[in-house]
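A closer look at the structure
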Amino acid sequence: ERFYEEQTGKKFLRVKPMDKVREELLYYRDAWKAEYFYFWADTFLAWSEKQFDVFCYMYAYIRMPFWIQTRPETLTDYRVRRLKEIGLHRVACGIEHGNEKFRRETVDRRMKNEDLVKWLGILNDVGVPYSVNNIIGGFRYSFLSAVYAGYIGLLLFGVYQKYDDVRSDIVL
């Protein structure tokens, strides 16, 4: 919640109660024989230390491999190592763009390339495979040569008209 507030200046973040998360995971594991979980959350690690520790305690009982999405700046050595202990198999991170100016001015992500390399390096050091999602277009850069991801997703940068600018005679 603190991370969300620091990034947006707002105090809203949806967080499912951990007892409900546990109930659902056990249901999928036991009733549906799930063998792997993919936590579909843009910023899986946007938790307080207490919330993180509660998740780890709970998930240690589930005992299944899982994949998360998170922002690179939420990665710490402690968190990655702890998650690996309880089943973390893979991580997906959105770095958005290798050009700092584009990242700052277009997608409002204010982080330096050297910080991205440092944060993603934690995954390398701990031995957790990861992928990065990256916008291409708009600027030239050589940042990706410093990232050792197993997969690099490239998304084309396209400028779209706002809905108000769309012709009114087009029926949607």
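Use the structure listed above.
Let me begin by describing the structure that accompanies this report. (Residues numbered from 1 in each chain as written. Predicted model: local features only at pLDDT ≥ 70, side-chain atom pairs only at ≥ 80, totals over all residues. Heavy atoms only, no water.)

Examining the packing of helix α4 (residues 77-85) against helix α6 (residues 113-126)
For the pair α4 and α6, the least separation of the axes is 10 Å and the interaxial angle reads 35°. For α4 against α6, the interelement crossing comes out right-handed. Of the residues in α6, those in contact with Asp77, Val80, Arg81 and Lys84 of α4 are Ile122, Leu123, Asp125 and Val126. A per-class count over the contact of α4 with α6 returns 4 nonpolar, no polar and 4 charged. (Axes fitted to C-alpha atoms, helices over the stretch in contact; angles between N-to-C directions. Helix = DSSP H or I, 4+ residues; strand = E, 2+ residues; numbered from the N terminus. Left-handed = near helix turned anticlockwise from the far one by under 90°. Contact = heavy atoms within 4.5 Å. Nonpolar A, V, L, I, M, F, W, Y, C, P; charged D, E, K, R; others polar.)

Looking at the pairing of strand β3 (residues 88-96)
Within a regular strand, the side chains alternate between the two sheet faces. With respect to burial, β3 is a largely interior element, 8 of its 9 residues being buried. Of the pairings in the sheet, the one linking strand β2 (residues 66-70) to β3 comprises 5 bridges and is parallel in character. Bridge pairing in β3 places Gln69 opposite Ala92. As a crossover connection, the stretch from β2 through α4 into β3 is right-handed. Alignment of β3 against strand β4 (residues 130-136), held across 5 bridges, turns out to be parallel. Following the sheet pairing, Ala92 is matched in β4 by Ser131. (Buried < 20%, exposed > 50% of the residue type's maximum accessible area, 1.4 Å probe, protein only. Pairing = 2+ DSSP bridges. Right-handed = clockwise from strand over helix to strand, strands pointing away.)

So, the pairing of β2
Buried residues dominate β2, accounting for 4 of its 5 residues. In this sheet, β2 lies alongside strand β1 (residues 37-39) in parallel orientation, the contact comprising 3 bridges. Looking at the pairing, Phe37 lines up with Phe66 of β2. Handedness of the β1-helix α3 (residues 49-62)-β2 crossover: right-handed.

Structural notes on helix α2 (residues 18-30)
End to end, α2 covers 18 Å across 13 residues, agreeing with the expected 18 Å (1.5 Å per residue, within 8%). Those residues of α2 that fall on the buried side of the exposure criterion are Met18, Val21, Leu25 and Leu26. The buried side chains of α2 occupy one side of the element, clustering within an arc of 125° when seen end-on. Where α2 is buried, its residues touch β1 and α3. (Expected span 1.5 Å × (residues − 1). Arc of directions from axis to C-beta.)

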